[in-house]
Amino acid sequence: MIFTRQRRPRGFKHDFIYVNDRKNRWLHFNDNARSEMNAPNDDEASDNPFKGRFTKVVKHLEKKKYKRFRLNSFEQVMKIVVAVVVLVFLWFWLTD
């Protein structure tokens, strides 16, 4: 019975052997540039009071923002009503 039992695979463990010095230098370069320009960091930028103000002015961005939340319920209801009316009409026409 030992031959039919399948062993569980060993868990994956990844240890970094090489460090990407380019990435570290690039991050350090960006931090230095932001500090010289007195620009906010990514953490501070999330507290920006002007974030999202431009989308309220531009119509297509506002529509894109609310598109996934807004259901076109009027159009859906009208399609259902028209379909029901057509089916009822066909039912009465076929039963006569």
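Being a predicted model, the structure only gives us computed values, none of them experimental.

A. Structural detail: the confidence of the model for the chain. Looking at the chain, the pLDDT average stands at 78 and 73% of residues meet or exceed 70. Put simply, helix H2 (residues 42-45) is where the chain has its lowest mean pLDDT, 58, and helix H5 (residues 73-95) is where it has its highest, 89.

B. Inspection of helix H1 (residues 21-37) at higher detail. For H1, spanning 17 residues, the distance from its first C-alpha to its last is 24 Å, which sits close to the expected 24 Å at 1.5 Å a residue. The distance from a side-chain oxygen at the start of H1 to the backbone nitrogen of Arg22 is 3.3 Å, and the residue carrying that oxygen is Asn20. Trailing H1 by a residue or two, Asn38 shows a phi angle of about 55°, which is positive.

C. Geometry of a nonpolar patch on the surface. A contiguous nonpolar patch, built from Val82, Val86, Leu87, Phe89, Leu90, Trp93 and Leu94 and spanning about 780 Å² of accessible area, is present on the exposed surface. Within the secondary structure, Leu94 sits in helix H5.

The rules behind each value
Residues numbered from 1 in each chain as written. Predicted model: local features only at pLDDT ≥ 70, side-chain atom pairs only at ≥ 80, totals over all residues. Heavy atoms only, no water. pLDDT = per-residue confidence, 0-100. Helix = DSSP H or I, 4+ residues; strand = E, 2+ residues; numbered from the N terminus. Expected span 1.5 Å × (residues − 1). Polar contact = N/O pair within 3.5 Å; in protein donor to acceptor, adjacent residues only side chain to side chain. Patch = residues over 30% accessible without salt bridge, like charges linked within 9 Å, V, L, I, M, F, W, Y side chains within 5 Å. Areas by Shrake-Rupley, 256 points an atom, 1.4 Å probe, with all protein chains shown as cover. Salt bridge = Lys/Arg side-chain N within 4 Å of Asp/Glu carboxyl O.

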